[in-house]
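# Structural overview for review
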Amino acid sequence: MKPAKQARSSQTKKRTRIQQEKEQLILDAGLQIFSTYGFRGSTVDQIAIRAGMSKPNMLYYYRRKQDLYLAVLNRTLEMWLDPLEDIDANGDPEQEIGRYISKKIEYSKLYPEASRLFVSEILQGAPILKPVLETRLHDLVDAKAKVIRKWCQQGKLANTDPYHLIFLIWAATQHYADFETQIRAILKTVGKRDAIFRDANEYVKAIILNGILPRA
């Protein structure tokens, strides 16, 4: 188990099952309210009602709205960073990067509200999340950029800027969460959401991998 995951696991063990379930319930409710109304437009009362609990009970877990907002954003970031962490330097680049793209498409399908809330935070200059972006995210991307650069040096990938490759994957995959309404309007695929994401996974992987695999 990776150190970061092990630390999160040990923290989880300190809470009872009921406490864990309530925290997840609050985080889910917070995500729905924050992604709908934004941080400033959301209230603790709205989140407590959505979570189906009293305000004092909810404040036992998260004392301030800002604490809950940060927890929601951190959960989203950790969820997205896990597949990036899982890229294996000793694995096959095509398989490792292809699996990462597929996981990002899957998360865009399953958690569109989380992606949109994250975008909203970034567009405002990341006032709450900036310290995390400048430490955990920065360090992880640096580490994986070194892996990609090594693959390029070994001739396993075409000469590629690793940072821009990662940015491209983020942009291409999260587009399907952030602009899903626009995509569905253009494709007119009412009731065919699964097909959209299945095709997205196929084409995004094909286009990116064809661009970075070694050329004969």
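What comes next concerns the included structure. What you see is a predicted model, and the numbers here were worked out from it, not measured in a lab.

### Description of helix α2 (residues 17–41)
- The terminal C-alpha atoms of α2, which comprises 25 residues, lie only 32 Å apart, well short of the 36 Å expected from a rise of 1.5 Å per residue.
- Of all the bends in α2, the greatest, near 80 degrees, is centred on S35.
- Among all positions of α2, only E23, I26, L27, A29, G30, L31, I33 and F34 are buried.
- Looking at the buried side of α2, the elements it contacts are α3 (44–51), α4 (55–61), α5 (65–85) and α7 (112–123).

### Observations regarding unusual backbone geometry
- Phi angles above zero are rare outside glycine, and A126 is one such case at about 55 degrees.
- Structurally, the position occupied by A126 is in the loop between α7 and α8 (130–153).

### Quick word on the environment of K146
- Its location among the elements puts K146 in helix α8.
- The sequence separation of K146 and L209 amounts to 63 residues, and the corresponding C-alpha distance is 18 Å.

### Some points on the nonpolar core
- In this structure, M58, L68, I97, L157 and Y176 are the most contacted members of the largest nonpolar core, which totals 59 residues.
- Aside from chain neighbours lying at most four places away, what touches I97 is W151, L157, L165, I169, L209 and I212.

### Focus on the layout of surface pockets
- Its volume calculated, the second largest pocket comes out at about 340 Å³.
- Taken together, 17 residues form the lining of the second largest pocket, with W80, F118, V119, W170 and Q174 sitting closest to its centre.
- Only α5, α6 (93–110), α7, α8 and α9 (162–178) provide two or more residues apiece to the lining of the second largest pocket.
- Residues that form the lining of the second largest pocket fall into these classes: 13 nonpolar, two polar and two charged.

### Here's the deal with empty space enclosed by the protein
- Inspection of the entire model under this criterion finds one cavity of 30 Å³ or more.
- What the largest cavity holds in volume is close to 40 Å³.
- Considering the residues around the largest cavity, the lining is formed by L84, I87, I97, Y100, K144, I148, I166 and I169.
- Elements supplying a minimum of two residues to the lining of the largest cavity: α6, α8 and α9.
- In the lining of the largest cavity, the residues fall into seven nonpolar, no polar and one charged.

### Section: the pattern of salt bridges
- Tallied over the entire structure, the rule returns 12 salt bridges.
- R116 is the salt-bridge partner of E180, the closest N and O atoms lying 3.7 Å from each other. Placement of E180 in helix α10 (residues 180–187) and of R116 in helix α7 is noted, with a sequence separation of 64 residues between them.
- For E180, a relative accessible area of 9% translates into the label buried.
- A relative accessible area of 34% places R116 in the partly exposed class.
- Of the charged contacts, one joins R193 and E180 as a salt bridge, the two residues approaching to 2.5 Å between their closest N and O atoms. In this pair, R193 sits in helix α11 (residues 193–212) while E180 sits in helix α10, placing the two residues 13 residues apart along the sequence.
- Residues joined by salt bridges that share partners form a network here, namely R116, E180, R184 and R193.

Parameters and conventions
- Residues numbered from 1 in each chain as written.
- Predicted model: local features only at pLDDT ≥ 70, side-chain atom pairs only at ≥ 80, totals over all residues.
- Heavy atoms only, no water.
- Helix = DSSP H or I, 4+ residues; strand = E, 2+ residues; numbered from the N terminus.
- Expected span 1.5 Å × (residues − 1).
- Bend = angle between axes of the 7 residues up to and from the residue.
- Buried < 20%, exposed > 50% of the residue type's maximum accessible area, 1.4 Å probe, protein only.
- Contact = heavy atoms within 4.5 Å.
- Core = buried A, V, L, I, M, F, W, Y, C linked by side-chain atoms within 4.5 Å.
- 1 Å grid on protein atoms, 1.4 Å probe; cavity = no way out; pocket = protein on both sides within 12 Å on 5 of 7 lines; lining within 4 Å.
- Points joined across faces, edges and corners; volume = space filled by probe spheres on them.
- Nonpolar A, V, L, I, M, F, W, Y, C, P; charged D, E, K, R; others polar.
- Salt bridge = Lys/Arg side-chain N within 4 Å of Asp/Glu carboxyl O.

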